[in-house]
Structures are given as C-alpha cells and as structure tokens.
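Next come the chains, spelled out residue by residue.
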Amino acid sequence: MLRIISVLLMISAFLQSCSKSEKDFNSKTTIKLDLDKSGSSLLSDFFDDINYILLDESDEIPLAKPYKVVMHNGLILVHDNVLDNLHVFDSSGKLRTILKSSGHGPFEFSHIGDFVIYNDSLIVKDNVLKKLLYFDLQGGILGESKIQINSSEFFYNPRTQLHFMDNGEEFNFLKIDQNDNIIDKYYQVSSHLNGFYFRSNLGFYMDKFRNKMLFNIPFTYHIAVFDPMGNFEGIIEVDLGSASMDQETLGRYQNGYERRTFVEENNLSEMVTCFFPFENGYFIFLVQGKGNMHFIFVDENMSVRKQAKLFKNDLDGMKIRTVPWTFADEHVVFTSRSIDILNDFMEREAEIREKYPNSSIIEFIETNKDKLATEKTVLILLKVSNALISQE
C-alpha cells in the first residue's frame, strides 16, 4: 500500500511539473500577420487627432531620462531611469510631486526597479534595498515591507504578487503570496534565451476592456494573459511567418549589434514591441529589418482591420520620429524631446499653418515655445480612430 501511495505521489509531482511548463501554451490564441501587406497610409486612417503635453519638470530636479510612463486617473507618472526619481504630473503636464531616491534609511529608496499603482496607492520596488515602499498618489509615505525576489517587473495586490524574472530563472513568471512564498510558476524559459535581458518600459499592464492583465514578453512574439489576481490564463502569439526569428537563431546573437545586423540583413522582426488593448481590438507595433515600422490593428477575433508601415501625417503635418511608448484609454502615446518638436514645427511652420490651421500643435507651440527650446519631454497622444475600435 505504501508503495502505491509513493508511486502516486511521484506521478502527481511529475504531472505538476509538466503542467507548469505545458499549461503555458494549452490556451494559446494566434494572430497571423503578413508584413508584406503593410503599405502606405494616411495617419488619419489610424487616428482621429493628435494632442501634445509638455511635462513641465522642475529645474532643480530635472527629468533626465523618462522611461516607464503611466497615465492614471488624471495623473502622469514618469520614472527617471538615470536619477531613479518618480515624477508625478497632472493631465496638463504640471508637476505635482517628485518621489526622490533619497537614501537607504527607513521609508527611503535608492533605486526604482519598477513601480505600480494599486487602487489609490503607488508602490515602488527597490531591488537594492529589497523592499516595497507604499505611497499615496500625492507622494505621502504609507509604509514599507521587505521582499526577497529580485525581479525586473512586478504586479501587486494585497494577497498575491506576480514577478517577471527577465530570463534569469527557469520560469519567467513567479507568483508569490503575502509571505513571500512562491505559489506558482509560469512560462518556462527557453535555454536559448538565458542571458537575454530587456527591461520593459510597460511591465504588467491592465486591459480594462476585458478585465485582464497583460505582459509583452521580450525577445518573443508572445503576450502573457493573466486574470486580475495574477492567475495565468494563456498566451497570445503573434505569428509573423518568415519575418520571425526562431529562438535558437536568436540565442546565437547575444551581442546587440550583431543581432541587429542579422535582423536588418534578413528583414526580420526580433520581437513584438507594443501590444496595446483598446475597446473591440488591439494595436500592435513592431519593427522589421532596417527600420520598417508596422502599425497594425486587429479586432476581437484577432483578424487584421488595418496595417501600414509608411505614413503621411495628414492630421497636423508633423514628423513621426519616435516609436509608440505607452497607451491610455483611447490613445497611443509617443514621447519626444521638446527641442525636436520645436525644430520640426519651425521647419514646416508655413505649411502647417496653411494646411492644418485648426491643429493643436499650433497653439501648443505658441503657448510653450520658450520651454520647448530647453531639454524637456513631450507626450504625443494619438487618438485611435473610432472607425477602428467601433464594432462593425
């Protein structure tokens, strides 16, 4: 009898081990894309209008290198990836407060590994001091707690946390309870991706239209899908056909320069850069070969509604010089240096004033010209076309 029980326990353990590596792909939705079908398009085929927000940072504590940007309930939160401060602006770009990396003492942090918003709380993860710090949205300290997991990104609720291990463990996602115990593991890491690190500028992000949480896994064509409690639900796979790069080949090019050269020479795309959720569909952005930037909208059934790689900006005539950085409600959000916005406008001011007299860029420049001439950051909000996100 004891032998039977022992065998049953071994089988159970084996099945649990298999389930962790296999269940990742048991629920997989595939989006098939043919990048050769991306042609030229008007920007108005994808977006209805463009608005600009100048982040009016403090002169005393500048925003040196904005990285993770989150827009939440009328606030804009920006992590400075150089000075490790967290700047909080209102929806017009006016500075509200700065959470400063001030030290190693109680209720202080020295490094921002990631930050998240839970309800009305702001939570900063310091991987150096191995702790979480809790703030209200006005910057007031609420408390702190210890954490041992050294993850690159995390998701928080009071009962569980989910951590992305950035190809540094056997599984990329670890779910832990409030006592730091690992209670589940998801998405087994390919041996070819060991040592491939990529800090996400989005981390875990909510799809409020479907009440799901998403994570765009670097160096793959996979988006992990979780429920709001951090339970793994499946994978969305973007199938690029001949434009994709298999992981064995990717594994031979850990050097970034060599990898980019290989990608360009073979007209490949090494990963999905953006996968943003909107009502009735998703926005996908990726780069192929030598800078071919693809904008793709798919519907709820993962069928392509619109795709393009060359644009004429017929909304305000400005250059599109950067890649999508984040999203908010109905907007795809880009970032730009303020001086680039100013210079681009000055180069084609006469044309813009003649062809686009009602565009928001004119008032934006007139209001902020002096500040734009300095090193500040501008958010560019492109409102997704109602025709793309409406149900047919």
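In case you missed it, the structure is sitting above this.
Computed from a predicted model, the values in this text were never measured in an experiment.

S.K.: Can you tell me about empty space enclosed by the protein, naming the residues and giving the values?
M.R.: Enumeration over the complete set of coordinates arrives at 2 cavities of 30 Å³ or more. In this structure, the largest cavity occupies an estimated 150 Å³ of space. Contributing to the lining of the largest cavity are 16 residues, with Tyr 52, Lys 319, Ile 320, Arg 321 and Ile 380 lying nearest its centre. Only strand 3 (47-55), strand 25 (331-337), helix 4 (338-347) and strand 26 (377-384) provide two or more residues apiece to the lining of the largest cavity. One number sums up the size of the second largest cavity: a volume of about 50 Å³. Looking at the second largest cavity, the residues that line it are Tyr 67, Lys 68, His 79, Gly 113, Asp 114, Ser 152, Glu 153, Arg 199 and Ser 200. Grouping the constituent residues of the lining of the second largest cavity by class yields 1 nonpolar, 4 polar and 4 charged.

S.K.: Explain the sheet that holds strand 13 (residues 160-164) residue by residue, including any values.
M.R.: Reading across from one edge, 12-13-14-15 is the order of the 4 strands in this open sheet, with antiparallel pairing throughout. With partners counted over all chains shown, the strands left at the sheet margins are strand 12 (153-156) and strand 15 (182-188), one partner each. Direction aside, neighbouring strands of the sheet carry axes that sit 15° apart on average. Relative to strand 13, strand 12 runs antiparallel, the two sharing 4 bridges.

S.K.: Hey, could you go over the sheet that holds strand 25 for me, with residue numbers and the actual values?
M.R.: The 4 strands are arranged 3-26-25-24 in an open sheet whose pairing can be described as antiparallel. Either end of the sheet is taken by a strand with one partner, and the two such strands are strand 3 and strand 24 (324-328). The average angle at which neighbouring strand axes cross in this sheet is 30°, direction not considered. Summarising the sheet, strand 25 and strand 26 pair through 7 bridges and their orientation is antiparallel. Paired with His 331 across the strands is Lys 383, a residue of strand 26. Strand contacts of helix 4: strand 3, strand 25 and strand 26, with the helix running at about 90° to strand 25, the strand carrying the most contacts. In the packing of helix 6 (residues 360-372) onto the sheet, contacts are made with strand 3 and strand 26, and the angle to strand 3 comes to roughly 15°.

S.K.: Please provide a residue-by-residue account of unusual backbone geometry, values included.
M.R.: Not every positive phi belongs to a glycine, and Asn 211 is a case in point at roughly 55°. Note on Asn 211: relative accessible area 48%, which makes it partly exposed. Although it is not a glycine, Asp 329 adopts a positive phi angle of roughly 50°. As for its placement among the helices and strands, Asp 329 is situated in the loop between strand 24 and strand 25. On the basis of relative accessibility, which here comes to 48%, the residue Asp 329 falls in the partly exposed class.

S.K.: A description of the pairing of strand 8 (residues 114-118) should follow, citing residues and the corresponding values.
M.R.: Sheet topology places strand 8 next to strand 9 (residues 121-126); 5 bridges connect them, and they run antiparallel. By the bridge assignment, Ile 117 is partnered in strand 9 with Leu 122. Counting the residues in the hairpin turn of strand 8 and strand 9 gives 2 residues, including Asn 119, whose phi is positive at 55°.

S.K.: Outline the side chain of Ser 385, supporting the account with residue identities and numerical values.
M.R.: Relative to the helices and strands, Ser 385 resides in the loop between strand 26 and helix 7 (386-389). Since its relative accessible area comes to 5%, Ser 385 is described here as buried. In terms of polar contacts, Ser 385 uses its side chain to reach the backbone amide nitrogen of Ala 387, at 3.1 Å. Not counting residues within four places of it along the chain, the set of residues in contact with Ser 385 comprises Asp 45, Phe 46, Phe 47 and Asp 48.

S.K.: Break down the environment of Met 346 for me, with residues and values.
M.R.: If you trace the backbone, Met 346 turns up in helix 4. The class for Met 346 is partly exposed, based on a relative accessible area of 38%. Between the C-alpha atoms of Met 346 and Ile 365, which are 19 residues apart in sequence, the distance is 9.5 Å.

S.K.: Which residues make up the pairing of strand 17 (residues 212-216), and what are the values?
M.R.: With 4 of 5 residues buried, strand 17 is to be regarded as a mostly interior element. By the bridge criterion, 3 bridges tie strand 16 (residues 205-207) to strand 17 in an arrangement that is antiparallel. What sits directly across from Tyr 205, in strand 17, is Leu 214. Hairpin connection from strand 16 to strand 17: 4 residues lie between these consecutive antiparallel strands, with Asn 211 at a positive phi of about 55°.

What counts and how
- Residues numbered from 1 in each chain as written.
- Predicted model: local features only at pLDDT ≥ 70, side-chain atom pairs only at ≥ 80, totals over all residues.
- Heavy atoms only, no water.
- 1 Å grid on protein atoms, 1.4 Å probe; cavity = no way out; pocket = protein on both sides within 12 Å on 5 of 7 lines; lining within 4 Å.
- Points joined across faces, edges and corners; volume = space filled by probe spheres on them.
- Helix = DSSP H or I, 4+ residues; strand = E, 2+ residues; numbered from the N terminus.
- Nonpolar A, V, L, I, M, F, W, Y, C, P; charged D, E, K, R; others polar.
- Pairing = 2+ DSSP bridges.
- Axes fitted to C-alpha atoms, helices over the stretch in contact; angles between N-to-C directions.
- Contact = heavy atoms within 4.5 Å.
- Buried < 20%, exposed > 50% of the residue type's maximum accessible area, 1.4 Å probe, protein only.
- Polar contact = N/O pair within 3.5 Å; in protein donor to acceptor, adjacent residues only side chain to side chain.

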